[in-house]
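Here are the chains, one letter per residue:
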Amino acid sequence: MPDLPRHSVSVTAAVFDEDGRVLAIKRRDDGRWVPPGGVVELDEALEDAVVREVLEETGVLVKPKILTGVYKNMVLGVVSLVFRCRVIGGDPGPSDEAVESAWLTIGEVRDRMPEARGIRVLDALRTDGPFVRVHDGTSLI
């Protein structure tokens, strides 16, 4: 069998507080505002990856509740599974990957996040999912 291209599997957390704001990070590498998340380790359950990534990137401890969508970056071959999460504890702060983490309003999500990332948050607010979408890293296709 020929050596076929491989996909990378990631998780993203849509974390909402009691005021309806969403947890977001301003990435250290490109300055974009995005929901927290990252690559799933080979020996790691998906829900455990969400918890780890949010804690590493923001200092907030979460509990995943439900899968709200699957999103594929067609350029990079990254498939991200998005989970709506609830906060267990902690306060947002900077990290090795984020110059800032903060609670954003839905209006701020629409204004600050690239479409391909903001839609994950907006989809997580809906009850008619889970959603399956493709994008190019910035915009939906």
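Cut-offs and rules
- Residues numbered from 1 in each chain as written.
- Predicted model: local features only at pLDDT ≥ 70, side-chain atom pairs only at ≥ 80, totals over all residues.
- Heavy atoms only, no water.
- 1 Å grid on protein atoms, 1.4 Å probe; cavity = no way out; pocket = protein on both sides within 12 Å on 5 of 7 lines; lining within 4 Å.
- Points joined across faces, edges and corners; volume = space filled by probe spheres on them.
- Helix = DSSP H or I, 4+ residues; strand = E, 2+ residues; numbered from the N terminus.
- Nonpolar A, V, L, I, M, F, W, Y, C, P; charged D, E, K, R; others polar.
- Buried < 20%, exposed > 50% of the residue type's maximum accessible area, 1.4 Å probe, protein only.
- Polar contact = N/O pair within 3.5 Å; in protein donor to acceptor, adjacent residues only side chain to side chain.
- Contact = heavy atoms within 4.5 Å.
- Salt bridge = Lys/Arg side-chain N within 4 Å of Asp/Glu carboxyl O.

Trainee: Honestly, the layout of surface pockets in this entry has me stumped. Any pointers?
Mentor: Empty space left among the atoms is revealed by rolling a probe the size of a water molecule over them. In this structure, the largest pocket spans a volume of roughly 430 Å³. Contributing to the lining of the largest pocket are 28 residues, with S10, R27, V78, R117 and R120 lying nearest its centre. Looking at the lining of the largest pocket, the elements that each hand over two or more residues are β1 (8–15), β2 (22–27), β4 (37–39), α1 (46–58), β5 (61–73), β6 (78–89) and α3 (115–125). For the lining of the largest pocket, the per-class residue count stands at 9 nonpolar, 8 polar and 11 charged.

Trainee: What is the right way to read the side chain of T12 from this model?
Mentor: In this fold, T12 is placed in strand β1. According to the relative accessible area criterion, T12 is buried, its value standing at 6%. At 3.0 Å, the side chain of T12 and the side chain of R120 are in polar contact. If sequence neighbours within four positions are ignored, T12 has contacts with P35, P36, G37, S80, L81, V82, F83 and R120.

Trainee: What is the right way to read the pattern of salt bridges from this model?
Mentor: Any two side chains of opposite charge can pair, on the condition that their charged atoms come close. This model, assessed by the stated rule, comprises 9 salt bridges. Across the pair R27 and D29 runs a salt bridge whose closest N-O atoms are separated by 2.5 Å. As a salt-bridge pair, D30 and R27 come within 3.6 Å of each other at their nearest N and O atoms. What makes R27 partly exposed here is its relative accessible area of 23%. One salt-bridge network, held together by shared partners, links E44, R52, E53 and E56.

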